[in-house]
Structure formats: C-alpha cells, structure tokens
Amino acid sequence: MSTPIASLDLNLLLMLHTVLSEGSVARAAERLHVTPSAISNGLARLRSALGDPLVTRKGRGIVPTPRAHALAPAIARGLREFESALHAAPFEPASCTRTFTLAVADAGQVTWVPRIAAAMATEMPNAGLSVVGIASLVALGDLTSSQVDLHIGLAGRGAGLHIEPLMNERTVLVARDGHPALDKRLSVRALGALRHVGVEMVPGKGFRDLVGAAYARAGVRREVAMRVPSFMTAAAVVAETDFVATLPESLVAAQGTRLGVKAVDAPVPAHTVKMSLCWHERTHADPAARGFRALVRRAVLAL
C-alpha cells in the first residue's frame, strides 16, 4: 500500500535528499544545522513511514537502498521546482505571456483602452488583454474574482480592496448637433425643460445616481426620459433625438464630433467623478499585476 503524502513530514524528504547528496549523516547534519542524532531520528521516522531501510552504513558513509535510489531523482526535482517557485525570477515585461483582465466603463474603453493597448504592444508584446464592462465586473463577483486584475472607475468597497486615486473626470451636458439648446446659454428654467438620457451601467447603481444627486443639490429639476446601460448608447440616442445627456468630458472631447454631439452652454451643476485604480489584495504583491497597474497608470495619464 502506498504511503499517503498527507501522512509524511515533508521535512524528512529534505533530510533524506541531503543525506544522499552528502553521503554522510554527519555532513548532512552540518549542512542542515542540526545534530547527527536529529538526522538519525528523522531517518528512522521515514523508514517507518515508507517501510524501507533507505540507507545502510558502509564504513564512515552510507549506501542508499534501491528504494532510496529510485526516490532520489524525484525528491531532488521536487525540491528544485519548489525552490524556483519560492525565488521567482524578477518580472520581465517583454517576456510576460499572461492575459490581464481590465474592468472599465465603455467611455474608458473608447478613450483609455486604445492607449493601454498601444502601451502593452510596446512594453508587454507577448501579454494579452481582456476588457470587460462594469456590469461584467459585478457579475463576476467584483474584484475578489480571479478573473479581474484591475478596475478603472469609482472606488468600490470591500475587504482586501486597494484603491489608488487616478484622476478627476469632469462631466458635460451634450445635445445633438443643431439642437435648439446650442443656440444660446440656457437658463435654469430652460435646463429643467430638457429631457435627459440617464446612464445606468448596473441597475440601481453607479453614475446615474451621482449625476442625479448633483442636479438635486443644485435645485435643478432633471427629467430622465429614458435610461441606457452605457455612455456610448446615450450619445447615440442624443445624436438622433432632442434628448440631452451628461457624459464624461474626456469622451466628448475625444469622440464628440464623430458621435454627433456637442456641449451645451447651461448652468449644469458642477460634477466631478473621482476615478481610481482598484484591485484586490490577492494580486497586490504579484510582480506581473504590479507591472500591469503601472503600465495602465502611465497610459491613462499619458505620462
């Protein structure tokens, strides 16, 4: 009957490996910084567990039994691999083949992800990138999931979460090209008469609530005519209707002309979203994840 690995003290395998390498109990004891009697006692325990003498004396040295001789290469190989795992080589971005998963809203996918992809093509040419939306992040079980390495967006909450402030994202009210609201600066009353497209990336949560709260604090009535799950959808709806929407300024600056929307000159409540890099404790000390976070930080801030 084979010996269950759980019943073995794995230190005894290191002891046997050292005895076989040194060919002497005394030299093995010196190398492991223990007494010769400790080596002898350890070998006795291992003999009992494996049902084999393992070594026999020959003069001042020892000779392995056939069982010990057969075990020696496997034990040595296992110890080498374990040692290698404990002392991993420094992270080399150019040779990294890992696929990183980034969670970011669709506005960031349009404005930041192309820069991140370009940086990865230069710095981590062999690595992969998987981008998911905020709804997917929630569906995956937030950052505790092993599938998400990094999130760019509103700081979350939860045990083991690391948050690094990244930038402040301002918002801007937009309307379609040719909308009457673009002809002059709107009054508070005229602003209240507009119908809005609200962005609700995750039902009941997120950006829409923050925008609504900003309007409410300023005493401005905001009629939400419809809700959509993304900023790009909101922009597409605005471009084809008389609705307006509050979008990230970076998205409007980068894609406003292509999307067919323009900023409205109106007494819109000042609203700034604090964007952060968020990651879980499980990846905090990982060299590859740390390198990926640094790359994303540089790309987003265009340093």
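If you're wondering where the values come from, they're calculated on a predicted model, not measured in any experiment. (Residues numbered from 1 in each chain as written. Predicted model: local features only at pLDDT ≥ 70, side-chain atom pairs only at ≥ 80, totals over all residues. Heavy atoms only, no water.)

Q: Any chance you could explain the overall build of the protein here in plain terms?
A: Counting its regular elements, the protein contains 13 helices and 11 strands. For the protein, with 303 residues in total, the buried portion stands at 41%. Just so you have it, the protein exposes about 16300 Å², and 55% of that area is on carbon and sulfur atoms. (Helix = DSSP H or I, 4+ residues; strand = E, 2+ residues; numbered from the N terminus. Buried < 20%, exposed > 50% of the residue type's maximum accessible area, 1.4 Å probe, protein only. Areas by Shrake-Rupley, 256 points an atom, 1.4 Å probe, with all protein chains shown as cover.)

Q: Looking at this structure, how should I read the environment of Thr 18?
A: Secondary-structure assignment places Thr 18 in helix α1 (residues 11–22). What makes Thr 18 buried here is its relative accessible area of 1%. Note: C-alpha distance between Thr 18 and Ile 39 (21 residues apart in sequence) is 9.8 Å. Apart from residues lying up to four places away in sequence, Thr 18 is in contact with Ala 28, Arg 31 and Leu 32. From its side chain, Thr 18 meets the backbone oxygen of Leu 14 in a polar contact 2.8 Å long. (Contact = heavy atoms within 4.5 Å. Polar contact = N/O pair within 3.5 Å; in protein donor to acceptor, adjacent residues only side chain to side chain.)

Q: I tried to follow the packing of aromatic side chains on my own but got confused; where do I start?
A: Within a pair of aromatic rings, the relevant descriptors are the distance that separates the centres and the angle that separates the planes. This structure, assessed with the given rule, holds 1 aromatic pair. Taking the centre distance of 4.5 Å and the plane angle of 5 degrees together, the rings of Phe 100 and Phe 292 count as stacked. Taken as a pair, Phe 100 in strand β3 (residues 99–104) and Phe 292 in helix α13 (residues 287–301) lie far apart in primary sequence, 192 residues in all. Considered together, Phe 100 and Phe 292 belong to a single accessibility category, that of buried residues. Between Arg 222 and the ring centre of Tyr 215, over which it is positioned, the NZ or CZ distance is 5.4 Å. One cation-aromatic arrangement involves Arg 293 over Trp 279; the distance from NZ or CZ to the ring centre is 4.3 Å. (Phe/Tyr/Trp six-rings, centres within 6.5 Å; stacked < 30°, edge-to-face > 60°. Lys NZ or Arg CZ within 6 Å of the ring centre and 35° of its normal.)

Q: In this structure, what is going on with the pairing of strand β7 (residues 195–199)? I would like to understand it.
A: Side chains on a regular strand alternate between the two faces of the sheet. Burial analysis of β7 places 4 of its 5 residues in the buried class, the great majority of the element. Both β7 and strand β8 (residues 223–228) contribute to a ladder of 5 bridges, which runs parallel. Counterpart to Arg 195 in the pairing with β8 is Glu 223. (Pairing = 2+ DSSP bridges.)

Q: How do you make sense of the packing of helix α10 (residues 231–240) against helix α11 (residues 249–259) when you look at a structure like this?
A: Each pair of packed helices can be summarised by the angle the axes make with each other and by the distance between the axes. For the pair α10 and α11, interaxial distance at closest approach is 11 Å and the crossing angle is 40 degrees. Taken together, α10 and α11 sit at an angle that is classed as oblique. In this structure, the crossing between α10 and α11 has a hand that is right-handed. On α11, the residues touching Phe 231, Met 232, Ala 235 and Ala 239 of α10 are Leu 251, Arg 258 and Leu 259. Tallied by class, the residues present in the contact of α10 with α11 amount to 6 nonpolar, no polar and 1 charged. (Axes fitted to C-alpha atoms, helices over the stretch in contact; angles between N-to-C directions. Parallel < 35°, antiparallel > 145°, perpendicular 65-115°, else oblique. Left-handed = near helix turned anticlockwise from the far one by under 90°. Nonpolar A, V, L, I, M, F, W, Y, C, P; charged D, E, K, R; others polar.)

Q: Even after reading the chapter, I still don't get the packing of helix α6 (residues 113–123) against α13, so can you show me in this structure?
A: With their axes 9 Å apart at the nearest point, α6 and α13 run at an angle of 130 degrees to one another. The angle between α6 and α13 places the two elements in the oblique class. Here α6 runs over α13; the crossing is right-handed. Contacts from Arg 115, Ile 116, Ala 119, Met 120 and Glu 123 of α6 reach α13 at Phe 292, Leu 295, Val 296, Arg 298, Ala 299, Val 300 and Leu 301. Residue classes in the contact of α6 with α13 are distributed as 9 nonpolar, no polar and 3 charged.

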